[in-house]
Amino acid sequence: MTTMSQSSVGAPSTRVITWETINWFEVKTNVRRLQMRIAKAVREKKFGKVKSLQWLLTHSHHAKLLAIKRVSQASGSKTAGIDGETWKTTKQRMEATRSLKRKGYQPLPLKRIYIPKSNGRRPLGIPTMRDRGMQALHLLSLEPIVETQVDKNAYGFRPMRSTADAIEQCFSALAMKTSSKYVLEGDIKSCFDKISHEWLLNNVQMDKVILGKWLSCGYLEKRIFHRTEKGTPQGGVISPSLMNITLSGLQQAVKNAVRIKDKVNVISYADDFVITGISKEVLENKVKPAVVDFLQIRGLELSQQKTLITHIDDGFDFLGFNVRKYNGKFLTKPSKKAIKGFLKRIRDIIKSSKAITADNLIRILNSKIRGWTNYYRVSAAKATFTYIGYHLIQALWNWAKRRHPNKRVQWVKNKYFRSKDLNHWVFFAKKRDKAGNEEITELLYPGSVKIRRHIKIKAAATPYDPSYNDYFIRLKTSRKRHCSLTDYAGSRLPSF
């Protein structure tokens, strides 16, 4: 029995294994098998077995390898914690795998940094690489539980789900003539920073000792140590899952407060959520008090200024989209705030690129345009894309004229713009490769991006339930076929 257990969790063999020789398929398969067993035990409510399987997984060599791989390849892997350490070499990653031990583990304080936000700055807590590795390791054992227990129409920080799924759920709940007419736009005050530590320790199914150490490790800001009495820091690998657990049950709490004929639906993405209702009175007198009580138990509260009740004909903004009915027709479009913000970022890039070549400028802009249009192409955004394209060409025309103040207008146009199909203002650049051959780079025109309806995931589907294995294979195939590579005129699709 012992031999089988060790084999199933990926115990290291006597032969010397380097990072380059790791069989990642075997690693992922063994970890996946344990995760599926954890999820099955949760569905069967065998929580003692869940705890045993979690212990087995978090002490697994294969799970440690996978956790280090995730952390070292993440976009933030170059940002060090307070110890200044990053894992750049394969030798460091192998050594890091051996350092993920529960015995004697004590996380270091977080490094506090701030990132820009629309209404100010958002604080982030950056753990050390070792602490990120430990969080990723325990997340492997926690994620199957989160996926099994989280609300069905919660779409944030979950595999195979995205903001597009949440927007499609808005369509399902609001598009029909008989659908709800009113929407409560929920806004939680500083959700990550105010979650009750006591509630987390009592309700999160994971190693309580490790969790308690993470929650109370504190942070350093300008070399001054600050204690953390509440909240889970944004920037931690495991924080999104802890927040999903915290908000799990909101849908049921709201349903318990209303009747079926009130047509109440809860749609959430992380800490952003909307709740539909048949009338303003239902949302104000039944739903809102239920939400307040639900959040209060978890140490959270609604922002009274930002929590609004809106009629669908007036529309509301959700996840960067504007959701509204126009004469009874349901449409989602990029919000005015999102359009304005994107144009500002693009213009700032162009204005600050006075000295770079047109080829480099095109490459920078194309990555931004692909990402933004890929995000909003699931909505009625064709007119918006054309509008963005018009202002983009205007900005580039001004950029080109500033570079050549002594040249004629026609000379400038011929140098930087050419005709293609019906578009006579295609921004382009010429360069020669190492072999001396001429290459032409074109700007991706937003108006050329095709609109594609998103194929929404089934609300109850989870990758940790084997009954959905075939469904996920079909879903991936359908989405890939539906969103073909040719939609970007030969450009590679971004991972936005």
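Bringing unusual backbone geometry into the picture now. In this structure, Arg 223 is a non-glycine residue whose phi angle is positive, near 65°. Structurally, Arg 223 is set in the loop between strand 4 (219-221) and strand 5 (224-226). One non-glycine residue, Asn 327, lies in positive phi territory at about 50°. By the secondary structure assignment, Asn 327 is in the loop between strand 10 (321-326) and strand 11 (329-334).

Another point: the pairing of strand 10. Strand direction decides the pairing type here: strand 9 (residues 316-318) and strand 10, joined by three bridges, are antiparallel. In the sheet register, Phe 316 faces strand 10, and the bridge partner there is Val 323. Linking strand 9 to strand 10, which pair antiparallel, is a turn of two residues; within it Leu 319 sits at a positive phi near 60°. When strand 10 meets strand 11, the two strands line up antiparallel, connected through six bridges.

Right, let's get into the confidence of the model for the protein. Scored by pLDDT, the protein has a mean of 90; 93% of the residues are at 70 or more. Here residues 485-496 scores under 50 on pLDDT; set against residues more than four positions off or in separate chains, the count is 29 contacts.

This part is about the sheet that holds strand 8 (residues 308-311). Taken in spatial order, the four strands of this open sheet run 6-7-3-8, and their pairing is antiparallel. Among the strands making up the open sheet, the edge pair consists of strand 6 (265-269) and strand 8. Taken pair by pair, the neighbouring strands of this sheet meet at an average axis angle of 20°, ignoring direction. Together, strand 3 (182-187), strand 6 and strand 7 (272-277) form the strand contacts of helix 7 (residues 163-174), whose direction differs from that of strand 6 by roughly 165°. Strands strand 3, strand 7 and strand 8 of the sheet are contacted by helix 13 (residues 280-297), whose axis makes an angle of about 140° with strand 7.

Before going further, it helps to spend a moment on the sheet that holds strand 14 (residues 438-442). Pairing is antiparallel across the open sheet formed by three strands, whose spatial order is 12-13-14. Of all strands in the sheet, those bounded by a partner on one side alone are strand 12 (417-420) and strand 14. With direction set aside, neighbouring strand axes in the sheet form an average angle of 50°. In the sheet, strand 13 (residues 423-432) pairs with strand 14 via five bridges, with the strands oriented antiparallel. Along strand 14, the bridge assignment pairs Arg 432 with Glu 438. Helix 16 (residues 382-403) rests against strand 12 and strand 13 of the sheet, and its axis sits at about 50° to strand 13.

Conventions adopted
- Residues numbered from 1 in each chain as written.
- Predicted model: local features only at pLDDT ≥ 70, side-chain atom pairs only at ≥ 80, totals over all residues.
- Heavy atoms only, no water.
- Helix = DSSP H or I, 4+ residues; strand = E, 2+ residues; numbered from the N terminus.
- Pairing = 2+ DSSP bridges.
- pLDDT = per-residue confidence, 0-100.
- Contact = heavy atoms within 4.5 Å.
- Axes fitted to C-alpha atoms, helices over the stretch in contact; angles between N-to-C directions.

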